[in-house]
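Each chain is listed here by its residues.
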Amino acid sequence: MELPVVGDGVHLASYRPRVPQSVVSGKATGLNGSGYYQGYGDSSSVASCGSEAVTGYDTVDAPPHYDFYANTEVWGRRRRFRPSLYQLYANPQDDSRPPMYEETAGEQMGGGDSSEEDEEELKDPPPEPTRFGWVQGVMIRCMLNIWGVILYLRLPWITAQAGIGLTWVIILLSSFITGITGLSTSAIATNGKVKGGGTYFLISRSLGPELGGSIGLIFAFANAVAVAMHTVGFAETVTDLMRENGAVMVDRINDIRIIGIITVTCLLGISMAGMSWESKAQVLFFFVIMVSFVNYIVGTIIPASAQKQAKGFFSYKADIFATNFVPDWRGPEGSFFGMFSIFFPSATGILAGANISGDLRNPTVAIPRGTLMAIFWTTISYLIIAATIGACVVRDASGVLNDTISSSSSSEDCVGLACRYGWDFSECTKNGTCTQGIMNYYQSMSMVSAFAPLISAGIFGATLSSALACLVSAPKVFQCLCKDKLYPLIGFFGKSYGKNDEPLRGYLLTYVIAVCFILIAELNTIAPIISNFFLCSYSLINFSCFHASVTNSPGWRPSFRFYSKWLSLLGAVCCVVIMFLLTWWAALIAFGVVFILLGYTLYKKPAVNWGSSVQASSYSIALSQCVGLNHVEDHVKNYRPQCLVLTGPPCCRPALVDLVSCFTKRLSLMMCGNVVAAGPSPTALQEAVSERHVAWLNQRKVKSFYRGVVAAELRSGVNALLQGAGLGRIKPNVLLMGFKKDWRCVSPQAAHNYIGILHDAFDLHYGVCVLRVKEGLDASRPFQSHVNPGFDGGPESINTPASIQTSVSSSVSVDPDPQPSSVFQEKQGKKTIDIYWLSDDGGLTLLLPYLLTRRKRWAGCKVRVFVGGDTDKKEEQKEEVLALIKKFRLGFHDVEVLPDIYQLPQPGNVLQFEDSVNRFRLDTNPKQDSDSGPQRQQEEPWMITEQDLERNKAKSLRQIRLNEVLQDYSREAALIVITMPVGRRGVCPSTLFLAWLDVLSRDLRPPVLLVRGNQENVLTFYCQ
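**Brief notes about the packing of helix α9 (residues 198–207) against helix α10 (residues 209–244)**
Then, number 1: Remark: α9 packs on α10, axes separated minimally by 7 Å, with the N-to-C direction vectors making an angle of 165°. When the axes of α9 and α10 are compared, the pair comes out roughly antiparallel. For the pair α9 and α10, the sense of crossing is right-handed. Judged by residue contacts, T199, Y200, I203, S204 and L207 of α9 engage P209, E210, L211, G212, G213, I215, G216 and F219 from α10.
Then, number 2: Counted by class, the contact of α9 with α10 contains seven nonpolar, five polar and one charged residues.

So, in structure tokens, the structure goes:
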């Protein structure tokens, strides 16, 4: 089916399937993929076109397909898109514009020039990059990285110290930890499609960018330094062989530097030649190491010569195996954990395959299978070598051919196992001067082997393969980190080259780092840091698996099932413990670097969303805490003003947002409510739920939720918010709204609905606050954004769908909404906050100003409390109020009694008030039908009769007089907080009530906040 481009007027009829000519002419090919499913292939027919001619079934519904879930396209065919919900349920003849989220999909699905698409499809396919399977790409790579110089030079010595039994324990314990990490890696790698980036990609996509970024950076650096470490190990071996044969270039240190730089340069050339050449080199090294193993095993079987016997080799002997099975600790490092700390680095390297995940043919299969097989076979090789070397060679030997037991000498003085085989090493054993045997000679494997140079070749293969693996791993990990742009100044090194996306700049950076450390030629203090960085990565991989499992996120569905979250946690703890057992100061450095990078990422908050387990955990914790609040009874000591703020689009009323944020930030709930008064259309719904509102709040650094609803008119929408907003006990209890200053200009129904919202809030037991600012709250007009005309709007009516349609469409733009300033963002200095506590509403009128004074920008303001009273008892009443406020511990010390609030207002102000309500007064001409008045008032409840004016005369005069008092006392205040009057429903018409609020707060320079609590205590002076 050819999908048309979504424009301003889209006819859904164009989405209806068209029957191909072949079907019409009776040439249908059936429903076995060429018929029914043909429409979802590369052709342009619709899915059900083949069945329409047969069954009359007409649909754009599509069967499941890979393209609907993939983020990338397959070369050679157009990508298919799932029909949107709007296309499925909307009227085909409807000309209305689809919602915004449909337009994007439609443009992708839509046409364009088909000839251009055909030309693109005829182009040659892009070159296929080199991809590896699980054997060559992961298993061999991991085995080469695990095997190292410790296998050849230290494992026999560890066997002599710990004995065969404890050496097996050390090997199995190390493999247990790496095996758990391998299981965790397998679980994470099979929970979705894995791209390039290896360890960094696995951790960052599981735990988020904070920990992933820090580990990725130090892991890449550790791999770069590890290149130098392995290269120096190779250079030292070559230098020693040269010195044995009398070949010296300069001196030992400079010889290591020269050989090391030449070696790493050659390795760089192999790496930059491409992954295929690097992989071939790794296979060559693997072959050399396997030949050296066979050479060693053959050497253990060949009968020992006299020269080898003098060095302690006697071939397989049961008593030698039994003697070497138990430990014989010697020297300062002679302990179980000492030997464990020396051996464990040789078990690392299990992430070498995962680090090139982008070059694997199928990472989700290759990483688990290759990593676990590598751990298994390397463990077997370590166990075999420890057992065979311990069964063939004694611990101490002199290496002197004359140290045999002759017939003339007495064998009773001979000490040691070698005495049974005609050799006397007693003297060097007692003096501690033996130079041979597995306790004293690190090259025992060379001595045992059939051909010693092959063991040297194995050492070369192990060191060079490890260096080459690290030289490839570091740029691959660093490239992915650069592309994510988590840290500044590193993006330059993320550029890709060639069909394999090779990070050539990353190779050069790794080469420079390696050369710098090779020039030191002494890495004994840096090597522990590298091991600790690797262990830190293992720990976080295990923790990632545990964390993803324990959060019970539906998105955690690894296809690899052979893992346990508790084993992963145990592995994470063990890695941390081993870090401190190896080198405690290096562990502290590793954690210090991680925390510094973590702090930087937390501060910057990169704009990435990878669906990490941290996000899932946040949801689980929040949900658990919300449910837990259901078991907590409300108490006045724990009261918090949880505010539902009727802002409309938050960007339209920044002053209202900023004021409420001042006393809710990090304290209580704030929720911005937006009612889109329109019919149930996709456009209105899109405006209500648009993410740009939350983005605006986040950009302004306001800690607030946002909730938008679509309703036929404003009052019903606000009622829905009042009843439905919140979750459990975390729900609003105070309604804040802007004053409707245009109430005399708009329709009376709008004014009536405005007051109806206040009554609805009182019915639902809400406290109510109304904010009035002299310059107005609506900041939307300068940039023509969406205006909710129910509050502080212009002359437009709330029942005008055309205006809403226009405002919605104009508010949708690529540019973010502006951030206008407001008076509540400024530092208030030494001004005053004037509280007119004229009626007791439970204490909300006092609590809100107190919360304001806790903010830095309001802390310098002096709070003044004004109360009504009598002239005769002025001082007595002042002391009573002061005593009460003191018990509340609010810190307010300035109280003033105002007896003049009960005086009559100025006649001019009374006339002004009467003029403001004249428009809504009901004409009670006696010549008219006497029944018409009540009937009209029932039809128009906002109308004011003479009886209403007379009945509420005292309250009206009081509001006029209060405004005069505010003019006299609070002209220079930063904020006026005054108790809101309440008009009785059925007694005080809505327009008269609104006139009270208007006259009370008009012509005042400071912002005025009218507050009315729900008449329940929010303050207490008791401790329980």
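**A word on the sheet that holds strand β5 (residues 767–772)**
Then, number 1: Across the sheet, ten strands lie side by side as β3-β2-β1-β4-β5-β10-β9-β6-β7-β8; this open sheet has mixed pairing. For this open sheet the edge positions go to β3 (705–711) and β8 (894–898), each flanked by a neighbour on one side alone. Strand-to-strand, the axes of this sheet are offset by a mean angle of 20°, without reference to chain direction.
Then, number 2: Both strand β6 (residues 832–836) and strand β9 (residues 975–979) contribute to a ladder of four bridges, which runs parallel. Looking at β9, one finds that I833 is bridged to L975.
Then, number 3: Relative to strand β1 (residues 643–646), helix α25 (residues 654–664) is tilted by about 170°, and along the sheet it contacts β1, β2 (670–677), β4 (734–738), β5 and β10 (1008–1012).

**So, unusual backbone geometry**
Then, number 1: Even without being a glycine, K485 presents a positive backbone phi close to 55°.
Then, number 2: Its place among the elements puts K485 in the loop between α19 (452–484) and α20 (504–520).
Then, number 3: Positive phi values are uncommon outside glycine, yet H765 reaches one of about 70°.
Then, number 4: As for its position among the elements, H765 is in the loop between α29 (748–763) and β5.
Then, number 5: What makes H765 partly exposed here is its relative accessible area of 43%.

**A closer look at the packing of helix α6 (residues 134–146) against helix α16 (residues 363–392)**
Then, number 1: Where α6 meets α16, the closest approach of the two axes is 8 Å, and the angle between their N-to-C directions is 35°. Pair α6 / α16 crosses with right-handed handedness. Residues W134, V138, M139, C142, M143 and I146 of α6 pack against A366, I367, R369, G370, T371, M373, A374, W377, T378 and Y382 of α16.
Then, number 2: In terms of residue class, the contact of α6 with α16 is made up of twelve nonpolar, three polar and one charged.

**Some remarks on the pairing of β8**
Then, number 1: Judged from the five bridges that link them, strand β7 (residues 862–868) and β8 form a sheet pairing that is parallel. Across the sheet, G868 pairs through a bridge with L898, a residue of β8.

**Brief notes about α9**
Then, number 1: In terms of burial, α9 is largely enclosed, as nine of its ten residues are buried.
Then, number 2: All buried positions along α9 are accounted for by G198, T199, Y200, F201, L202, I203, S204, S206 and L207.
Then, number 3: Looking one or two places after α9, you find G208, whose phi comes out positive at around 100°.

**As for the pairing of β7**
One face of the sheet, then the other: side chains in a regular strand alternate in exactly this way.
Then, number 1: For β7, a buried count of five out of seven residues is recorded, marking the element as mostly surrounded by other parts of the structure.
Then, number 2: Sheet topology places β6 next to β7; five bridges connect them, and they run parallel. By the bridge assignment for β7, I833 is matched with V863.
Then, number 3: Taken together, β6, helix α31 (residues 844–853) and β7 constitute a β-α-β crossover, and its handedness is right-handed.
Then, number 4: On the question of chirality, the crossover connecting β7 to the parallel β8 by way of helix α32 (residues 874–888) is right-handed.

Cut-offs applied
Residues numbered from 1 in each chain as written. Predicted model: local features only at pLDDT ≥ 70, side-chain atom pairs only at ≥ 80, totals over all residues. Heavy atoms only, no water. Axes fitted to C-alpha atoms, helices over the stretch in contact; angles between N-to-C directions. Helix = DSSP H or I, 4+ residues; strand = E, 2+ residues; numbered from the N terminus. Parallel < 35°, antiparallel > 145°, perpendicular 65-115°, else oblique. Left-handed = near helix turned anticlockwise from the far one by under 90°. Contact = heavy atoms within 4.5 Å. Nonpolar A, V, L, I, M, F, W, Y, C, P; charged D, E, K, R; others polar. Pairing = 2+ DSSP bridges. Buried < 20%, exposed > 50% of the residue type's maximum accessible area, 1.4 Å probe, protein only. Right-handed = clockwise from strand over helix to strand, strands pointing away.

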